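Here is what each chain is made of, one letter per residue.
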Amino acid sequence: MKLLITGGAGFIGSNFIRYILKHHKNYKVINLDKLTYAGNLENLKDIEKDKRYKFVRGDILKAKGKWLKTRGVDAVINFAAESHVDRSIVDSSDFIQTNVVGTQILLEAAREARIKRYIQISTDEVYGSLGKSGYFTEKTPLAPNSPYSASKAAADMLVRAYFHTHNFPGIITRCSNNYGPYQFPEKFIPLMITNALEGKPLPVYGDGLNVRDWIFVDDHCSAIDAILHKGKNGEVYNIGGNSEKRNIDVVKLILKKLIGHTGHIGPIIKFVPDRKGHDRRYAIDSTKIKKELGWRPKYDFDKGLDMTIDWYLKNKEWWQKIKSGEYKRYYKKMYREG
Ligand code: NAD
Ligand code: TYD
């Protein structure tokens, strides 16, 4: 099988490429990535010389059917996106371009090339926010609350429409919050780990009681692998780690696990003004993928977090480089604008 992975230089895409090359020895992968601030070829350094892997710098907004056809691509998995909610609150333009228009252009290219399988990597955030109880199922109505999740929901609707109208072989996955190696340190878990290691405050939004359902990135990858091979066209699959945690509890656990590494004296948790429109709780019901495709997550939160912290401890150069550049300017802007 020859796969086109878009956004493969980002966090989940790079983990997925590594996962596929490890588990499917005769597969080939083309990684098409624009290399935005979040794309980083260092994420794939260990496999860049693998003959089964090829990187192409490119924008999904310029995807062409002919290009896919001449390269003999069998399946497209679309990870390419603007992915950070806080950035979408500051300016949503790139989110609409890449996540919505980019998906439409990629769908059209995949349709023209008669691609046999197309997987849209979406998010549980399209369902909106939950109260104290309940779970998102695949039948939960879409109610996105941030410009990011609205752009992802719009893309989902396009994939749905292409299936319905053209019998296009599209599948949508909606996964909960990922964590693990190579996650860009603007996201919650790597931000807290790296700030703690740098002796910087850990900014917790609002009261810190918002809940996210965490999944180790490798478990997300194994779910996509199952969907690639056993999923049914036109279906939506929820993917979750069954690991609901309050933000403040995650921060406290990270600090506990980092004892001896931070050198901090006194409190370093800093409650900061809440994110605008901050979703209170996400929780995924992944019964469907478990029952129909036999998928199970392998890592519990404690084990996954240990592995993640270990990776950030061993790869300081990777995140220090990121934090000293573009990210720093963004952070300043974020705080100025609240
Ligand atoms: P990321 O921001 O780390 O990576 C996104 C990648 O897409 C980057 O390499 C970037 O260069 C590339 N990209 C951006 N615009 C592009 C364009 N126009 N053309 C080609 N490449 C482009 O994101 P991530 O956390 O790895 O998320 C990957 C996908 O998974 C996204 O679609 C996201 O919505 C979805 N998702 C993420 C999570 C999570 O917790 N991170 C959870 C569920 C779903
Ligand atoms: P994030 O990693 O941005 O993922 P998402 O908003 O897509 O779920 O944030 C996870 C949670 O952590 C969310 O409730 C917002 C919160 N958060 C903070 O409290 N402080 C921070 O600095 C960041 C980035 C997030």
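What counts and how
Residues numbered from 1 in each chain as written. Chains lettered and ligands numbered in written order. Predicted model: local features only at pLDDT ≥ 70, side-chain atom pairs only at ≥ 80, totals over all residues. Heavy atoms only, no water. Buried < 20%, exposed > 50% of the residue type's maximum accessible area, 1.4 Å probe, protein only. Helix = DSSP H or I, 4+ residues; strand = E, 2+ residues; numbered from the N terminus. Pairing = 2+ DSSP bridges. Right-handed = clockwise from strand over helix to strand, strands pointing away. Near = heavy atom within 4 Å. Polar contact = N/O pair within 3.5 Å; in protein donor to acceptor, adjacent residues only side chain to side chain. Areas by Shrake-Rupley, 256 points an atom, 1.4 Å probe, with all protein chains shown as cover. Nonpolar A, V, L, I, M, F, W, Y, C, P; charged D, E, K, R; others polar. Axes fitted to C-alpha atoms, helices over the stretch in contact; angles between N-to-C directions. Parallel < 35°, antiparallel > 145°, perpendicular 65-115°, else oblique. Left-handed = near helix turned anticlockwise from the far one by under 90°. Contact = heavy atoms within 4.5 Å. Disulfide = S-S within 2.5 Å. Phe/Tyr/Trp six-rings, centres within 6.5 Å; stacked < 30°, edge-to-face > 60°. Lys NZ or Arg CZ within 6 Å of the ring centre and 35° of its normal.

Colleague: Residue-level account of the pairing of strand 2 (residues 28-33), with values.
Modeller: Among the six residues in strand 2, five count as buried, and that is most of the element. Bridge analysis of strand 1 (residues 2-6) against strand 2 gives five bridges, and the strand direction is parallel. Considered in strand 2, the bridge of threonine 6 is made with leucine 32. Considered for its hand, the β-α-β crossover made up of strand 1, helix 1 (residues 11-23) and strand 2 is right-handed. Where strand 2 and strand 3 (residues 53-57) come together, five bridges link them in parallel fashion. The partner of valine 29 across the bridge, within strand 3, is tyrosine 53.

Colleague: Summarise helix 6 (residues 188-198); cite the residues concerned and give the values.
Modeller: Within helix 6, ten of the eleven residues are buried, which leaves the element mostly enclosed by the surrounding structure. Of all the positions in helix 6, only Phe188, Ile189, Pro190, Leu191, Met192, Ile193, Thr194, Asn195, Ala196 and Leu197 are classed as buried.

Colleague: I'd like a rundown of the site of ligand 1, residues and numbers included.
Modeller: Near ligand 1 there are 28 residues, and of these Ile12, Asp33, Ser83, Tyr148 and Lys152 occur at the shortest range. Side-chain polar atom of aspartate 59 to a nitrogen atom of ligand 1: 2.8 Å apart, as the coordinates give it. Contact between ligand 1 and lysine 152: an oxygen atom at 2.7 Å from a side-chain N or O atom of the residue. Relative to its free-state accessible area of 840 Å², ligand 1 is covered by the protein chains to the extent of 97%. Those elements giving two or more residues to the shell around ligand 1 turn out to be helix 1, strand 5 (117-123) and helix 5 (147-166). Counting residues per element, the shell around ligand 1 draws most heavily on strand 5, which supplies three residues. Among the residues making up the shell around ligand 1, the classes are represented as twelve nonpolar, twelve polar and four charged.

Colleague: Mind laying out the environment of glycine 234, listing which residues take part and the relevant values?
Modeller: Checked against the element boundaries, glycine 234 lands in the loop between helix 7 (217-230) and strand 11 (236-239). Residue classification places glycine 234 among the partly exposed residues on the basis of a relative accessible area of 33%. Between the C-alpha atom of glycine 234 and that of phenylalanine 168, which follows or precedes it by 66 residues, the distance is 8.0 Å.

Colleague: Lay out the packing of helix 4 (residues 93-112) against helix 5 in plain terms, naming residues and giving numbers.
Modeller: The interhelical angle for the contact between helix 4 and helix 5, taken along N-to-C directions, is 20°, at an axis separation of 8 Å. In terms of orientation, helix 4 lies roughly parallel with respect to helix 5. Here helix 4 runs over helix 5; the crossing is right-handed. Between helix 4, through Phe95, Ile96, Asn99, Val100, Thr103, Gln104, Leu107, Glu108 and Arg111, and helix 5, the contact on the second element is made entirely by Tyr148, Ser151, Lys152, Ala154, Ala155, Leu158, Val159, Tyr162 and His166. Counted by class, the contact of helix 4 with helix 5 contains ten nonpolar, five polar and three charged residues.

Colleague: An account of the state of the cysteines is needed here, citing residue identities and associated values.
Modeller: Within the structure shown, the criterion is met by zero disulfides. Cysteine cysteine 175 is unpaired, with the sulfur of cysteine 221 as its nearest cysteine sulfur at 9.3 Å. Here cysteine 221 falls in the buried class, since its relative accessible area comes to 0%.

Colleague: Describe in detail the site of ligand 2, supporting the description with residues and values.
Modeller: Lining the immediate environment of ligand 2, one finds 19 residues, of which Glu125, Pro203, Arg212, Arg275 and His278 sit closest. Between phenylalanine 188 and ligand 2, the recorded distance is 3.0 Å, taken from a backbone N or O atom to an oxygen atom. Within the side chain of arginine 275, an N or O atom sits 2.4 Å from an oxygen atom of ligand 2. Coverage of ligand 2 by the protein amounts to 97% of the 510 Å² it exposes when considered alone. Looking at the shell around ligand 2, the elements that each hand over two or more residues are helix 3 (85-90), helix 6 and strand 8 (202-205).

Colleague: Help me get a handle on the packing of aromatic side chains, residues and values and all.
Modeller: The geometry of an aromatic ring pair is captured by two quantities: the separation of the ring centres and the angle between the planes. All told, the structure shown has 17 aromatic pairs when counted by the stated rule. Among the aromatic residues, ring-to-ring pairing joins Tyr179, Phe188, Trp214, Phe216, Tyr299 and Phe301 into one connected group. The cationic tip of arginine 87 hangs over the ring face of tyrosine 37; the distance from NZ or CZ to the ring centre is 3.4 Å. Here the basic side chain of arginine 212 rests over the ring of tyrosine 282, its NZ or CZ set 4.0 Å away from the ring centre.

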